[in-house]
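# Observations on the model geometry
What follows is the residue order along each chain.
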Amino acid sequence: DTRAYLNGKEIGKHFGGYIPLDFDATDSILLGKPNILEVFTGDATSAYHKNMYPQGAPKTGWAGRLEIKDSSLFALIFSSHKGIIQSVYVDAMPQSYISDVFVKTSVRKWKLDADVEVSNTGKEAKKFTVKSSIFEGDKVVRELPAKEIEVAPSSHATATSTVDWKDPKLWGFKEPNLYFLKTELLDGGNVVDSIKTRFGFREFWLAGADFYLNGVK
């Protein structure tokens with residue numbers, strides 16, 4: 001159970017063990033003044049079912065391996081990860097911004113799709129251009145076609161760009177090659193938001209009872 005407060009006002013709550021999660025704190029921000037962000041986390045399920053969830057810090061046994069005496073699947077999934085284990089931060093966003101980027105790669109088709117979600121918190125519909133480039137280090141290795149998108153007021157919309165790519169460096173267990181997708185949101189030719197998304201070019205699938213990664217069983 002997670003609850004977040006800004007300057008003493010609750011800005012959101014979330015139940016479950018999965019992240020990321022975000023809350024809109026616009027109405028609670030104090031401009032030009034210090035702001036206090038507080039995050040509360042609790043685990044009532046663990047308290048009521050101590051036989052299913054291990055209590056306290058993780059214990060290690062021989063060769064540094066975690067000791068999980070309970071056979072419960074819940075214990076294996078959540079172990080003793082209670083509380084805040086990753087970053088908590090405040091993002092200042094423009095009125096219209098890139099709210100999500102999802103990169104899909106296909107080894108069987110040798111192509112890449114980028115789904116870019118744009119949010120518009122204003123009171124009028126807006127038209128934007130979405131541009132994306134793929135970087136390997138500081139070098140641009142692919143340009144995706146620019147897409148025009150119109151977003152209704154207080155809503156969001158998704159633009160999808162596709163590019164063929166016959167010779168990417170694949171992500172694998174022995175060579176986990178990574179790229180960055182830089183996505184820009186343009187309003188009248190001006191960049192109003194930009195985001196970088198890390199990804200690996202790989203694909204896995206099942207064929208009967210066999211598991212394949214990049215075409216290798």
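Residues numbered from 1 in each chain as written. Predicted model: local features only at pLDDT ≥ 70, side-chain atom pairs only at ≥ 80, totals over all residues. Heavy atoms only, no water.

With that settled, the discussion passes to the pattern of salt bridges. Summed over all chains, the structure comprises 10 salt bridges. Salt-bridge contacts for R108 lead to E203; the nearest nitrogen and oxygen are separated by 2.9 Å. Taken together, the positions of R108 in the loop between β4 (96-106) and β5 (111-120) and E203 in the loop between β10 (190-199) and β11 (204-207) put the pair 95 residues apart, joining distant regions of the chain. Its relative accessible area of 11% is what places E203 among the buried residues. One salt bridge connects D210 with K217, and the closest N-O pair in it is separated by 3.5 Å. What makes D210 partly exposed here is its relative accessible area of 26%. (Salt bridge = Lys/Arg side-chain N within 4 Å of Asp/Glu carboxyl O. Helix = DSSP H or I, 4+ residues; strand = E, 2+ residues; numbered from the N terminus. Buried < 20%, exposed > 50% of the residue type's maximum accessible area, 1.4 Å probe, protein only.)

So, on to the packing of aromatic side chains. One pass over the full model with this rule turns up seven aromatic pairs. Where Y179 meets F199, the ring centres are 5.8 Å apart and the plane angle is 25°; that geometry is what we call stacked. Linking Y179 in strand β9 (residues 179-187) with F199 in strand β10, this pair joins segments that are 20 residues apart in sequence. Residues Y179 and F199 agree in their burial class; the two are buried. Linked through ring pairs, W110, W165, Y179, F199 and F201 together constitute an aromatic cluster. Between R108 and the ring centre of W205, over which it is positioned, the NZ or CZ distance is 4.1 Å. A cation over an aromatic ring shows up here: K196 above the ring of F135, its NZ or CZ 5.9 Å from the ring centre. (Phe/Tyr/Trp six-rings, centres within 6.5 Å; stacked < 30°, edge-to-face > 60°. Lys NZ or Arg CZ within 6 Å of the ring centre and 35° of its normal.)

Ranked by internal contacts, the top residues of the largest apolar core, which has 23 residues, are L112, V118, I134, I149, L181 and F199. Every element with two or more residues in this core is listed here: β4, β5, β6 (126-136), β7 (139-151), β8 (155-164) and β9. Take this core: its biggest share by element is four residues, from β5. Excluding residues that lie within four positions of it along the chain, V118 makes contacts with Y97, S99, F128, V130, I149, V151, S155, H156, A157 and L185. (Core = buried A, V, L, I, M, F, W, Y, C linked by side-chain atoms within 4.5 Å. Contact = heavy atoms within 4.5 Å.)

This part covers the sheet that holds strand β3 (residues 37-41). Backbone-to-backbone hydrogen bonds pair the strands of a sheet. The strands run either parallel or antiparallel. Spatial strand order, β2-β1-β3: three strands in an open sheet with antiparallel pairing. With one partner strand each, in any of the chains shown, β2 (9-14) and β3 form the two edges of the open sheet. Direction aside, the axes of adjacent strands within the sheet are offset by 20° on average. Direction of pairing for strand β1 (residues 2-6) relative to β2: antiparallel, over a ladder of five bridges. Its bridge partner lying in β2, L6 is registered against K9. (Pairing = 2+ DSSP bridges. Axes fitted to C-alpha atoms, helices over the stretch in contact; angles between N-to-C directions.)

Taken together, the side chains of I29, L31, L37, I84, V88 and V90 present a nonpolar region at the surface, about 560 Å² in accessible area. For V88, the location among the structural elements is in the loop between α2 (73-78) and β4. (Patch = residues over 30% accessible without salt bridge, like charges linked within 9 Å, V, L, I, M, F, W, Y side chains within 5 Å. Areas by Shrake-Rupley, 256 points an atom, 1.4 Å probe, with all protein chains shown as cover.)

If you walk across this open sheet you meet the three strands as β4-β5-β8, and the pairing is antiparallel. Both edges of this open sheet fall to β4 and β8, since each of them pairs with a single strand only. Between one strand axis and the next, the sheet turns through 15° on average, direction left out of account. Across 10 bridges, the pairing between β5 and β8 is antiparallel. Note that in β8 the partner of S119 across the bridge is H156.

Secondary-structure assignment places T129 in strand β6. Only 2.9 Å separates the side chain of T129 from the side chain of E148, close enough to count as a polar contact. Leave out the neighbours within four places in its chain, and T129 touches A146, K147, E148, E184, L185 and L186. (Polar contact = N/O pair within 3.5 Å; in protein donor to acceptor, adjacent residues only side chain to side chain.)

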